[in-house]
Structures are given as C-alpha cells and as structure tokens.
Amino acid sequence: MKNLLFILFLLIMENTAFAQFSQEPLPYAFDALEPSIDKATMEIHYGRHHKAYVDNLNKAVAGTAQEKMSIQDLQKSVTAQTPAAIRNNGGGVWNHTFFFNGMAPNAGGEPKGALGEAIKATWGSFDHFKDEFKKASLGRFGSGWVWLSVLDGKLVIQSTPNQDNPLMPVADIKGIPILSLDVWEHAYYLKYQNKRADYTDAYWNVVNWDRANNLYVKILK
Ligand code: MN
C-alpha cells in the first residue's frame, strides 16, 4: 500500500512537472449562456477543444524557451520562426481563455462607460459598430477570430486566421484586444450550423461589457 501511494505520488509529480500551462476554470456553468450559446457547444468547446490546446501546448513547449513563460508573454514571443505547434496551440490556449472570460450570464445590452462613449465616437452608433463587427466575422474565410482592439489609443475591429491573435508579432495586425469572437465552426455549428451571422448576432446577448470596459480603461491609462 505504501509503495502504491509512493508510485502514485511520483506519477502526480511527473504530470505536474509537464503541465506548465493549465486550463483556467470556466467562470460560469456550461448552460449559463443559454440560449445564445448552448450547453453542448460549451461543454465540447471548453472540455475538448480548449483542453486539447492546453495539452498539446504543454507537449510542444517541453524543453523550449517558451516553457517558463506566462501564457501572455508566450503570445508576444511568436515570430515566423516559432514552431507551428507552439504558435497554434499557444494561441488556442490564450484566445479561448480570453473569449470565455469575455462572456457572462445576464450580460449583453449596450456598452457603457468610457468604452460605450468611444464606440459611439468611432462608429457613430452601437448599431453601426455591430454591423462592422459582423462584416469582419463573415469576412473571415475559414477559421479564425474577430477582435475589438486598441491600437495607438484608438478602437479597431480586426480579424486573424487560425489561432493567431493581435499580440503575436507574426500576425498581420497589431493591437491590444478587449473583446473577441471565435468564428471557428466548432464554436457555433451544433446550434447554428452554417449560419455564422446568427451566431454573431446572438453573441451580443452574452458579451461581458463591464470586463471589456475595464480592459479598455486600463489600456488607456
Ligand atoms: Mn474555439
């Protein structure tokens, strides 16, 4: 029995040593964003897709310089020379944590505070901003992301392919994200099938504007 416990201890320690990056807990229940984002999609998206990015990133970084970085610093280290497994899985980990944390139950509505003012000043109205965001969502061919970011003190809507994000030096766009939408089919196909436009519309019911505003205010400081 003692030997068994010791072997178990060694196994746990070994796994801990490899698990440099861990999956942040989802800040709400799987069904909390119903009906806009359905329970089954959240279960698979978080429990399988996001988890796979974490597991595969841990395998990819073993023995590399990125192994000891924070997940945020890892994004800023991604250049054209970075192995695809680190770029794609590292992006997958950070992007999904950012996306999941950017939604909340009993959220949505219109943005308030400094961000609400800045959106109106930049796009004329919240509706026009949503139109432009939707264009970026529908304009992304294949898999990728839409971002609301701050670039040189101004708000911009951007899009990246695959698991790239604006923090990566290798990305064609630069900026500090305050909001994101996952437009990979795995993010919406179970409920919305091919209707990415409907999924994008539903996203506004669950956006955590308070968080986005807090990020915005911090960036501008
Ligand atoms: Mn995803």
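Each remark here, short or long, concerns the structure printed above.
Considerations on the coordination of the manganese ion
Part 1: For the manganese ion, the full set of protein donor atoms is His-45 (NE2), His-96 (NE2), Asp-182 (OD) and His-186 (NE2), at a range of 2.0 to 2.1 Å.
Part 2: Counting gaps between the donor residues of the manganese ion yields the pattern H-x50-H-x85-D-x3-H. Here His-96, found in helix H4 (residues 84–101), pairs with Asp-182, found in strand S3 (residues 176–182); they are 86 residues apart in sequence, far enough to count as distant. The same class applies to His-96 and to Asp-182, which are both buried.

As for unusual backbone geometry
Part 1: Here Glu-34 and Pro-35 are connected by a cis peptide whose omega angle stands at 0°.
Part 2: If you trace the backbone, Pro-35 turns up in the loop between helix H1 (2–18) and helix H2 (39–61).
Part 3: Residues other than glycine seldom take positive phi values, yet Asn-106 does so here, at roughly 50°.
Part 4: Relative to the helices and strands, Asn-106 is located in the loop between H4 and helix H5 (113–123).
Part 5: Phi is positive for Asn-162, close to 55°, though the residue is something other than glycine.

Examining the layout of surface pockets
Gaps left between atoms are located by rolling a probe of water-molecule size over the structure's atoms.
Part 1: Taken as a whole, the largest pocket holds about 170 Å³ of empty space.
Part 2: Looking at the largest pocket, the residues that line it are Phe-21, Ser-22, Glu-24, Ile-71, Val-93, Trp-94, Thr-97, Phe-98, Asn-101 and Arg-211.
Part 3: By residue number, the principal contributor to the lining of the largest pocket is H4, which donates 5 residues.
Part 4: Of the residues belonging to the lining of the largest pocket, the class tally is 5 nonpolar, 3 polar and 2 charged.

So, empty space enclosed by the protein
Part 1: Applying the stated criterion to the full structure yields 1 cavity of 30 Å³ or more.
Part 2: Its boundaries defined by the atoms lining it, the largest cavity holds a volume of some 40 Å³.
Part 3: Around the largest cavity, the lining residues are Glu-24, Pro-25, Leu-26, Pro-27, Tyr-46, His-50, Thr-97, Phe-100 and Asn-101.
Part 4: Per-element accounting of the lining of the largest cavity gives the leading share, 3 residues, to H4.

So, the nonpolar core
Nonpolar side chains in soluble globular proteins tend to end up buried together.
Part 1: Leu-155 and Trp-209 are the most contacted members of the largest nonpolar core, which totals 55 residues.
Part 2: At the level of elements, H2, H4, H5, helix H6 (126–139), strand S1 (144–151), S3, helix H8 (196–203) and helix H9 (209–220) are the ones that each hand at least two residues to this core.
Part 3: Not counting residues within four places of it along the chain, the set of residues in contact with Leu-155 comprises Leu-115, Ala-118, Ile-119, Thr-122, Trp-123, Leu-148, Ser-149, Val-150, Ile-178 and Tyr-216.

Considerations on the packing of H5 against H6
The relative placement of two packed helices is expressed as an angle between their axes plus a distance between the axes.
Part 1: Where H5 contacts H6, the axes come no closer than 8 Å and their chain directions differ by 75°. As far as their axial angle goes, H6 and H5 are roughly perpendicular. Packed against H5, whose contacting residues are Ile-119, Lys-120 and Trp-123, the element H6 presents Phe-126, His-128, Phe-129 and Glu-132 at the interface.
Part 2: Class assignment for the residues of the contact of H5 with H6 results in 4 nonpolar, 1 polar and 2 charged.

Re the sheet that holds strand S2 (residues 154–161)
Part 1: Strand order in the open sheet made by the 3 strands is S2-S1-S3, with antiparallel pairing throughout. Where the open sheet ends on each side, the last strands, each with one partner, are S2 and S3. Within this sheet the neighbouring strands show an average axis-to-axis angle of 25°, counted without direction.
Part 2: Relative to S2, S1 runs antiparallel, the two being bridged by 8 bridges. Bridging from a neighbouring strand, Gly-144 pairs with Pro-161 of S2.
Part 3: Those strands touched by H4 are S1 and S3, and its axis lies near 85° from that of S3.

A closer look at the packing of aromatic side chains
Part 1: What the rule picks out here adds up to 22 aromatic pairs.
Part 2: Relative to Trp-204, the ring of Phe-133 has its centre 5.0 Å away and its plane inclined at 70°; by these criteria the two rings are edge-to-face. With a gap of 71 residues between them, Phe-133 in helix H6 and Trp-204 in the loop between H8 and H9 connect regions that are remote in the sequence.
Part 3: By relative accessible area, which is 7% here, Trp-204 ends up buried.
Part 4: A ring pair is formed by Tyr-188 and Tyr-199, whose centres lie 4.9 Å apart and whose planes are at 25°; its orientation type is stacked. Residue Tyr-188 is located in the loop between S3 and helix H7 (189–192), and its partner Tyr-199 is located in helix H8; the two are separated by 11 residues in the primary sequence.
Part 5: Above the plane of the ring of Tyr-192 lies Lys-191, whose end atom (NZ or CZ) is 5.7 Å from the centre.
Part 6: Arg-211 extends its terminal NZ or CZ atom over the ring of Phe-98, reaching a point 4.6 Å from the ring centre.

So, how was this worked out
Each chain has its residues counted from 1, following the order in which its sequence is written. This being a predicted model, a pLDDT of at least 70 is required before a residue's local features are given, and a value of 80 or more before pairs of side-chain atoms are given or counted; all residues contribute to the totals for chains, interfaces and linings. Only heavy atoms go into the side-chain values, all of them from the structure, while hydrogens and water stay out. Coordination here is defined by N, O and S atoms within 2.8 Å of the metal (3.2 Å for Na, K and Ca), and since water is not considered, a site can look incomplete. Going along the chain from the N terminus, every DSSP run of H or I of four or more residues is numbered as a helix, and every run of E of two or more is numbered as a strand. Exposure is judged per residue with a 1.4 Å probe applied to protein chains only, and the accessible area is read against the type maximum: over 50% gives exposed, under 20% gives buried, and values in between give partly exposed. Definitions used for this entry: grid spacing 1 Å over protein atoms alone; cavity, a set of points where a 1.4 Å probe fits but cannot get out; pocket, an open set with protein on both sides within 12 Å along at least 5 of 7 lines; lining residue, one with an atom within 4 Å of a point. Grid points are joined across faces, edges and corners, and a volume is the space filled by probe spheres set on the points. Note on residue classes: Ala, Val, Leu, Ile, Met, Phe, Trp, Tyr, Cys and Pro are nonpolar, Asp, Glu, Lys and Arg are charged, and everything else, Gly too, is polar. As used in this record, nonpolar core signifies buried Ala, Val, Leu, Ile, Met, Phe, Trp, Tyr and Cys residues forming a set joined through side-chain atoms within 4.5 Å. Throughout, a residue-residue contact means that at least one pair of heavy atoms, one from each residue, lies within 4.5 Å. Throughout, an axis means a line fitted to C-alpha atoms (over the contacting stretch in the case of helices), and angles, computed between N-to-C directions, take values from 0 to 180 degrees. For this classification, under 35 degrees means roughly parallel, over 145 means roughly antiparallel, 65 to 115 means roughly perpendicular, and everything else is oblique. One requirement defines pairing of two strands: DSSP has to find at least two bridges between them. Only the six-membered ring of Trp is used, alongside the rings of Phe and Tyr, when aromatic pairs are assigned; centres must lie within 6.5 Å, and planes under 30 degrees apart are stacked while those over 60 apart are edge-to-face, with the rest tilted. For a Lys NZ or an Arg CZ to count as sitting over a ring, it must be within 6 Å of the ring centre and within 35 degrees of the ring normal.

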